[in-house]
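# Chains, contacts and geometry: an overview
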Amino acid sequence: MNHQNDFSVGSVRSNIIAQAVPLTIAQLIQLLYNIVDRMYIGHMEGNSSLALTGIGLTFPVVMLVIAFTNLFGQGGAALCSIARGAGDKKRAENIMGNSMTMLLGGGVLIMLACYIWKKSILYAFGASDATYVYANEYLNIYLLGTVFVMVSTGMNNYINSQGFPKTGMVSIMIGAVLNIVLDPVFIFVLDMGITGAAIATVISQFVSALWVMQFLLSKKAILDLNLSSMKLRWSLMKDIMGLGLTGFILQFTNCTVHVVCNMTLSVYGGDLYVGINTVLGSIRDIFQLPIQGITAGCQPVLGYNYGAKEYQRVKEGIRFTAFTGIAYTLIAWLLIFVFPEFFIRIFNSDPDLIKYGTTAIHIYFFGFFMMAFQFCGQSVFTGLGKAKFAVFFSIFRKVIIVVPLTILLPRVLGVHGVFIAEPISNAVGGLACFITMYMTIYRKL
């Protein structure tokens with residue numbers, strides 16, 4: 001292993017692929033943390049549709065946890081890559097240490113806040129008396145693992161930023177595989193239902209966090225994580241959160257959109273359509289994975305080359321990321337359009353959910369390839385440290401476009417208006433983000 005992990009040599013495409021493949025696998029495995037619970041719960045005996053809907057109501061809380069993880073971890077990892085590319089190892093170590101402290105403190109505060117306002121939050125998110133029971137049962141346990149998930153996910157970014165994507169993949173794989181194994185044991189064998197699913201998830205997150213920390217504290221790591229580097233420095237905190245604000249807003253706006261969708265659907269369609277929204281969100285998460293892996297894999301490569309002033313290599317990386325992302329999302333759109341029932345049945349087999357969900361999935365995923373423009377533009381802004389642009393386009397697509405359309409369109413088009421808002425936002429927001437990136441960064445490199 002070349003301990004410098006120099007991304008300024010060799011093929012740019014090969015460097016991105018070398019990062020993207022294990023990151024995609026890692027993110028696939030990370031996704032299993034969330035969707036495997038939905039898959040098992042959606043096929044339990046009894047009121048599986050209501051139980052699945054109840055789990056769906058907890059999505060915004062999970063997204064909120066990930067949002068703060070991005071705020072304290074993701075942006076810092078990009079800054080860490082830039083510092084390494086510039087040869088400033090000390091700054092890179094201090095960035096990593098400050099992120100660790102922020103993740104620990106933030107995890108505790110978020111957990112306490114969610115416990116205090118849990119009931120009000122769930123009803124505000126669209127829960128009914130029938131679905132609140134299931135959502136509350138799951139969150140009571142899940143929230144105990146808040147610190148574990150923030151440390152394992154947030155600090156794993158620093159394993160990847162040091163050029164160890166395979167180790168980062170294993171970090172997530174350990175916890176996810178454990179979750180897949182434990183879920184059926186706790187849910188079905190021990191007959192613990194939703195509580196069992198939450199317990200399995202927390203145990204898995206704890207083991208994953210232990211693995212991440214043992215690597216970062218080992219001699220294999222390029223950067224040292226110690227108490228000195230963990231001492232908070234306001235200038236570094238400001239830089240970390242400034243760039244991490246992109247990932248935070250992306251997840252926070254996802255949370256906001258999901259809440260608004262659930263609230264609107266509960267009015268125009270009831271619990272059935274809130275359940276359909278849960279399934280659509282799960283399918284979207286699955287199909288977004290490869291493009292998320294590509295764009296996450298390009299960030300350390302682009303950031304390193306930008307720090308090393310290898311601008312032509314940065315441009316080459318942007319082109320490869322854009323073309324690959326668009327090609328993949330076109331294929332994904334075709335698969336979803338042709339086989340909608342197959343993907344719905346992964347999560348639930350209720351005849352009504354399948355019947356009405358098929359129409360919803362065709363509307364929701366229309367023009368799915370447009371999402372590639374958003375992901376590419378956002379990854380370039382983030383990887384090169386252009387926080388203001390990245391933050392603006394996160395807000396623009398979700399808050400300025402999706403939320404108003406989700407509220408207004410159902411008044412004219414009924415329940416389907418909620419799902420039409422998504423393709424409109426992909427087209428308008430995605431193109432605006434990509435064109436701005438091209439004009440302000442690509443052409444100037």
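Here we summarise the structure given alongside this text. (Residues numbered from 1 in each chain as written. Predicted model: local features only at pLDDT ≥ 70, side-chain atom pairs only at ≥ 80, totals over all residues. Heavy atoms only, no water.)

## What to know about the state of the cysteines
How we decide: A pair of cysteine sulfur atoms is labelled a disulfide when the two atoms are within 2.5 Å.
All told, the structure shown has zero disulfides when counted by the stated rule. Cysteine C255 shares no disulfide, and the gap to the nearest cysteine sulfur, in C114, comes to 9.5 Å. Unpaired in this structure, C376 has its nearest cysteine sulfur neighbour in C298, at a distance of 6.8 Å.

## Quick notes on the packing of helix α7 (residues 146–161) against helix α8 (residues 165–189)
Quick reminder of the rule: Between N-to-C directions, angles cover 0 to 180 degrees, with each direction set by a line fitted to C-alpha atoms, over the stretch in contact for helices. A helix here means a DSSP run of H or I that spans at least four residues, while a strand means a run of E at least two residues long, and both kinds are numbered starting from the N terminus. Oblique is the label for any angle not covered by the other classes, which are roughly parallel (under 35 degrees), roughly antiparallel (over 145) and roughly perpendicular (65 to 115). Each crossing is labelled by how the near helix is turned from the far one, with a counterclockwise turn of less than a right angle marking it left-handed and a clockwise turn marking it right-handed. Contacts between residues were defined by any pair of non-hydrogen atoms, one from each residue, lying within 4.5 Å.
Where α7 contacts α8, the two axes come as close as 7 Å, and the packing angle between them is 155 degrees. Taken together, the axis directions place α7 and α8 in an arrangement best described as roughly antiparallel. As for the relative orientation of α7 and α8, their crossing is right-handed in sense. Taking contact as the criterion, the partners of N156, I159 and N160 in α7 are, on α8, P165, T167, G168, S171 and I172.

## Notes on helix α11 (residues 234–268)
What counts, and what does not: Helices are assigned an expected span. That span is 1.5 Å times one less than the residue count. The angle separating two fitted axes, one through the seven residues that finish at a residue and one through the seven that start at it, defines the bend at that residue.
Between the first and last C-alpha of α11 there are 47 Å, a value that for 35 residues agrees with the 51 Å anticipated at 1.5 Å per step. For α11, the principal kink sits at G244 and spans about 40 degrees. A positive phi of about 80 degrees marks G270, the residue just after α11.

## Some points on the pattern of salt bridges
This is how the line gets drawn: Salt bridges are defined as contacts in which a side-chain nitrogen from Lys or Arg sits within 4 Å of a carboxyl oxygen from Asp or Glu. Residue exposure (1.4 Å probe, protein chains only): buried if accessible area is under 20% of the type maximum, exposed if over 50%, otherwise partly exposed.
For the coordinates displayed, the defined rule picks out five salt bridges. Among the salt bridges present, the one from K89 reaches E93, with a minimum N-O distance of 3.9 Å. Residue K89 and its partner E93 are both found in helix α4 (residues 89–116); the two are separated by four residues, about one turn of the helix. Among the residues examined, K89 registers a relative accessible area of 44% and is labelled partly exposed.

## Examining the packing of aromatic side chains
For clarity, the cut-off: Pairing of aromatic side chains here covers Phe, Tyr and the six-membered ring of Trp, requires ring centres within 6.5 Å, and sorts the geometry by plane angle: under 30 degrees stacked, over 60 edge-to-face, intermediate tilted. Throughout this description, the term charge over a ring refers to an Arg CZ or Lys NZ atom that lies within 6 Å of the ring centre and within 35 degrees of the ring normal.
The full count for this structure, using the stated rule, is 23 aromatic pairs. When the centroid spacing of 6.4 Å and the interplanar angle of 35 degrees are considered together, the rings of Y273 and F419 count as tilted. Highlighted residues: Y273 in helix α12 (residues 271–307) and F419 in helix α18 (residues 416–440), separated in sequence by 146 residues. The interplanar angle of 80 degrees and the centroid separation of 5.1 Å between the aromatic rings of F342 and F343 together place this pair among those described as edge-to-face. For F342, a relative accessible area of 54% puts it in the exposed group. The exposure class of F343 is buried, given its relative accessible area of 13%. Members of the aromatic cluster, each reached through a chain of ring pairs, are F381, F389, F392, F393 and F396. One residue, K315, lies across the ring of Y442, its end atom 4.8 Å from the ring centre.

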